[in-house]
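A closer look at the structure
Take a look at the letters that make up each chain.
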Amino acid sequence: MKTNNLGDKEKQKILEEVFNQMDIYGMILDDKNTVIMTNKKVDDDFGNIIGKKCYEIVHQTNCPIENCPLKKTLETKKITTEEIFESRIGKFFEVISAPLMDENGELFVSFHMAKDITKRKLAEQKLQQSEAQFRILTEAMPQIAWTVDKNGIIDFYNKQIYDFSGVDKNKTGKTDWALFIHPRDINEFNAKWSEAVK
């Protein structure tokens, strides 16, 4: 579709349709955090909040929160992204504040988008907990434990490998696994490694 054949009303209608169909919370705010436009998702969950302060409705505070992305957008006049945990409802949101500038280069409104990322954040936390438990277990066991990816980059090794090999921990890097192999065994090890990652 060539938009240059459309009038201003048609273009506005298309933009409003896109705005309302987006599966995110979308708001247009002025430089005082006042809501001047909302999409359908905001209307469905919060009702009519036009003319109200976004922080009063979303965070139920009497001033912007500490990591308010709009505050940074006003300071930098650039797009700002923040991850915010809303403790009242127990959810994480990725919030983007995008400045809309006037013809003089001054910010007159901000496009505010909030996406629910709770599932992703909970999965990340679960993975971190799992990794922490793995490290505790491997550090406690008497055996040597180490892992490497398919490119030969060391992901992890426990402290027992240093006790056994005598290698200085501060002098090893993520590709120095050969330091832990006896020189007599290195060729056989390399051959088996190459076969394993084919």
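For the structure, see preceding data.
Below is a summary of the structure that appears in this document. Worth saying up front: this structure is predicted, and the values here are computed from it rather than measured.

What follows concerns the sheet that holds strand β1 (residues 25–29). Across the sheet, five strands lie side by side as β2-β1-β5-β4-β3; this open sheet has antiparallel pairing. Whereas interior strands pair on both sides, the edge strands pair on one side only; in this sheet they are β2 (35–38) and β3 (80–86). Shown here is a sheet whose adjacent strand axes are inclined to one another by a mean of 25°, direction ignored. As paired elements, strand β4 (residues 91–101) and strand β5 (residues 107–116) share nine bridges and run antiparallel to each other. By the bridge assignment, Ser 97 is partnered in β5 with His 112. Across the sheet, helix α4 (residues 69–76) is in contact with β1, β3, β4 and β5; its angle to β3 comes to roughly 160°. The strands that helix α5 (residues 118–140) touches are β3, β4 and β5; relative to β4, the one it contacts most, it runs at about 125°.

It is worth spelling out the layout of surface pockets at this point. There is about 380 Å³ of room inside the largest pocket. Taken together, 23 residues form the lining of the largest pocket, with Phe 46, Val 58, His 59, Phe 93 and Ala 114 sitting closest to its centre. Within the lining of the largest pocket, the residues separate by chemical class into 17 nonpolar, three polar and three charged.

The next point concerns the nonpolar core. Within the largest apolar cluster, 15 residues are counted, with the highest numbers of intra-cluster contacts made by Met 27, Leu 29, Val 35 and Ile 49. Listed by contribution, the elements that provide at least two residues to this core are β1, α3 (54–58) and β4. With three residues, β1 is the single largest residue contributor to this core. In contact with Leu 29, other than residues within four places in its own chain, are Thr 34, Val 35, Ile 36, Cys 54, Leu 70, Val 109, Ser 110 and His 112. Ile 24, Ile 28, Phe 111 and Met 113 belong to the second largest nonpolar core, which has seven residues in total.

Quick look at the pattern of salt bridges now. Within this structure, the stated rule accounts for 10 salt bridges. With a closest N to O distance of 2.5 Å, Lys 72 and Glu 82 form a salt bridge. A residue pair is termed long-range when its members are at least 10 positions apart, and Lys 72 in helix α4 and Glu 82 in strand β3 qualify at 10 residues. Among the residues examined, Lys 72 registers a relative accessible area of 37% and is labelled partly exposed. Relative accessible area serves as the criterion here: at 13%, Glu 82 is assigned to the buried category. Arg 120 is paired through a salt bridge with Glu 83; the nearest N and O atoms lie 2.6 Å apart. Residue Arg 120 is found in helix α5, and its partner Glu 83 is found in strand β3; the two are separated by 37 residues along the sequence. A network of salt bridges, in which partner residues are shared, links Glu 83, Arg 120, Lys 121 and Glu 124.

So, about the packing of aromatic side chains. Counting across every chain of the model gives three aromatic pairs. With centroids separated by 5.9 Å and ring planes inclined at 65°, the aromatic side chains of Tyr 25 and Phe 46 adopt a geometry described as edge-to-face. Linking Tyr 25 in strand β1 with Phe 46 in helix α2 (residues 40–46), this pair joins segments that are 21 residues apart in sequence. We classify Phe 46 as partly exposed; its relative accessible area is 34%. Pairwise contacts between aromatic rings join Tyr 25, Phe 46 and Phe 93 into one cluster. Sitting over the ring of Tyr 25, Lys 41 keeps its end group 5.0 Å from the ring centre. The lysine or arginine in question, Lys 121, covers the ring of Phe 92, its NZ or CZ lying 5.9 Å from the ring centre.

Procedures and definitions
Residues numbered from 1 in each chain as written. Predicted model: local features only at pLDDT ≥ 70, side-chain atom pairs only at ≥ 80, totals over all residues. Heavy atoms only, no water. Pairing = 2+ DSSP bridges. Helix = DSSP H or I, 4+ residues; strand = E, 2+ residues; numbered from the N terminus. Axes fitted to C-alpha atoms, helices over the stretch in contact; angles between N-to-C directions. Contact = heavy atoms within 4.5 Å. 1 Å grid on protein atoms, 1.4 Å probe; cavity = no way out; pocket = protein on both sides within 12 Å on 5 of 7 lines; lining within 4 Å. Points joined across faces, edges and corners; volume = space filled by probe spheres on them. Nonpolar A, V, L, I, M, F, W, Y, C, P; charged D, E, K, R; others polar. Core = buried A, V, L, I, M, F, W, Y, C linked by side-chain atoms within 4.5 Å. Buried < 20%, exposed > 50% of the residue type's maximum accessible area, 1.4 Å probe, protein only. Salt bridge = Lys/Arg side-chain N within 4 Å of Asp/Glu carboxyl O. Phe/Tyr/Trp six-rings, centres within 6.5 Å; stacked < 30°, edge-to-face > 60°. Lys NZ or Arg CZ within 6 Å of the ring centre and 35° of its normal.

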